[in-house]
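Fold and contact review
So you can see what is in the structure, the chains are spelled out below.
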Amino acid sequence: MDTGHIFKTDKKFKDRDELISEVKKTGLLHNINVRIDSYHAQRGFGEQWFKCDRSGSYQFRSNLDVPSTKSFTGSRKCDCPFKLKARAVGQVDGTWKLYVHNGYHNHFIGVKLDVLNSDVKEMILSMTASKIFVANILIELGAKNINVTSKQVYNIRAREKRKTREDRTAAEQLLKLATDHGYRTFHETVATRQIAKRRKLYESLKPPTQPASSTIVVDDTDHAPSSPLHST
């Protein structure tokens, strides 16, 4: 993607600070993160270089003699060749002039989150409600020539969650959703938990109850001795 025309200008900057400020401001307006690169002083003339934040390659910080236990998950660095050069052209007034050394980027420059229109946001929220993974959302949008990043998708989803939850906590939101969908909910506090523990302890300390004794009634009228008054 060629962005050299964005930085081409005939303007002379009064000093180096104004130059850096204008370059960074112009880059941010087009979602290009321009970084300050090297500075050289040659024969009294300063030379300031600028680069893209994705220029260069990732440099491992770990000791090369010890194998790393972590896998390399990727980096934003992709050797972007974008370069700007500025030179001090005024020996008396100290003015600076900006030149485009290489305006080409070898990576996609996405739009800002605030620039995404409401239709794209609705599409993302609709696919999120359908339980579609972020990777598949990016594929669907890319097929429609809508270039967004995974970070933008996650930000939209997080904003929608905060908007839906309002000022409720996560636990309060869970109880609300359960109530709205017809679930019966209950919760316990520290006091009710302590009461339940005391009741359980009391039940365990109670002596076992004795089973009720059964009474056996024997009918012995047939075996009773005869009365002497009835003897013959």
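Criteria and thresholds
Residues numbered from 1 in each chain as written. Predicted model: local features only at pLDDT ≥ 70, side-chain atom pairs only at ≥ 80, totals over all residues. Heavy atoms only, no water. Helix = DSSP H or I, 4+ residues; strand = E, 2+ residues; numbered from the N terminus. Buried < 20%, exposed > 50% of the residue type's maximum accessible area, 1.4 Å probe, protein only. Contact = heavy atoms within 4.5 Å. Areas by Shrake-Rupley, 256 points an atom, 1.4 Å probe, with all protein chains shown as cover. Pairing = 2+ DSSP bridges. Arc of directions from axis to C-beta. Axes fitted to C-alpha atoms, helices over the stretch in contact; angles between N-to-C directions. Parallel < 35°, antiparallel > 145°, perpendicular 65-115°, else oblique. Left-handed = near helix turned anticlockwise from the far one by under 90°. Salt bridge = Lys/Arg side-chain N within 4 Å of Asp/Glu carboxyl O. Phe/Tyr/Trp six-rings, centres within 6.5 Å; stacked < 30°, edge-to-face > 60°. Lys NZ or Arg CZ within 6 Å of the ring centre and 35° of its normal.

Per an unreviewed UniProt entry, the protein goes by the name FAR1 domain-containing protein and belongs to Saponaria officinalis.

Turning our attention to the overall build of the protein. Within the protein, the regular secondary structure consists of seven helices and five strands. Helices (α) and strands (β) of the protein occur, in sequence order from the N terminus, as α-β-α-β-β-β-β-α-α-α-α-α. The 232 residues of the protein split such that 22% are buried. Intrachain contacts of the protein at a sequence separation of at least 6 include 55% that bridge at least 24 residues. Of the roughly 18,500 Å² that the protein leaves accessible, carbon and sulfur atoms contribute 53%.

This paragraph deals with the pairing of strand β5 (residues 96-102). Examined bridge by bridge, strand β1 (residues 12-13) and β5 share two bridges and lie antiparallel to one another. Bridging across to β5, K12 finds its partner in K97. In this sheet, β5 lies alongside strand β4 (residues 83-88) in antiparallel orientation, the contact comprising six bridges. Looking at the pairing, K83 lines up with N102 of β5.

With six of eight residues buried, strand β3 (residues 45-52) lies mostly within the body of the structure. Pairing of β3 with β4, which is carried by five bridges, proceeds in the antiparallel orientation. Paired with W49 across the strands is K85, a residue of β4.

All buried positions along helix α4 (residues 134-143) are accounted for by V134, I137 and L141. Along the axis of α4, the buried residues cluster in a sector spanning 55°; they form a single face. Facing away from the buried side of α4, by more than 90 degrees, are the exposed residues I139 and A143. Buried positions along α4 lie against α3 (118-129) and α5 (150-165). Positive backbone phi, approximately 60°, marks N145, located one or two places after α4.

This part covers the side chain of H105. Along the chain, H105 turns up in the loop between β5 and α3. If we ignore the near neighbours within four places in the chain, the residues touching H105 are M1, T3, I32, C52, C80 and F82.

One way to put it is that α3 packs onto α4 with a least axis distance of 10 Å and a crossing angle of 140°. Relative to α4, α3 is oriented oblique. Helix-helix and strand crossings are classified by hand; for α3 and α4 the assignment is right-handed. Where α3 abuts α4, its residues M123, I124, M127 and T128 lie against I137, E140 and L141.

Tallied over the full model, the rule gives four salt bridges. Residue D37 pairs with K83 through a salt bridge whose shortest N-O separation is 2.6 Å. With D37 in strand β2 (residues 34-42) and K83 in strand β4, this residue pair connects regions lying 46 residues apart in the sequence. What makes K83 partly exposed here is its relative accessible area of 24%. In this structure, R87 engages E47 in a salt bridge whose closest nitrogen and oxygen atoms are separated by 3.9 Å. Here E47 lies in strand β3 and R87 lies in strand β4, a separation of 40 residues in the sequence. On the basis of relative accessibility, which here comes to 34%, the residue R87 falls in the partly exposed class.

What follows concerns the packing of aromatic side chains. Per the stated rule, a full pass over the model turns up two aromatic pairs. Summarising the aromatic geometry, the rings of F7 and F82 are spaced 5.5 Å apart at their centres and angled 55° between planes, so their arrangement reads as tilted. Highlighted residues: F7 in helix α1 (residues 4-7) and F82 in the loop between β3 and β4, separated in sequence by 75 residues. Per residue, the accessibility class of F7 equals that of F82, and both read buried. Ring geometry for Y39 versus W96: centroids 6.5 Å apart, planes at 40°, classification tilted. On the criterion of sequence distance, the pair formed by Y39 in strand β2 and W96 in strand β5 is long-range, its members being 57 residues apart. Positioned above the aromatic ring of Y39, the side-chain terminus of R16 is 4.9 Å from the ring centre.

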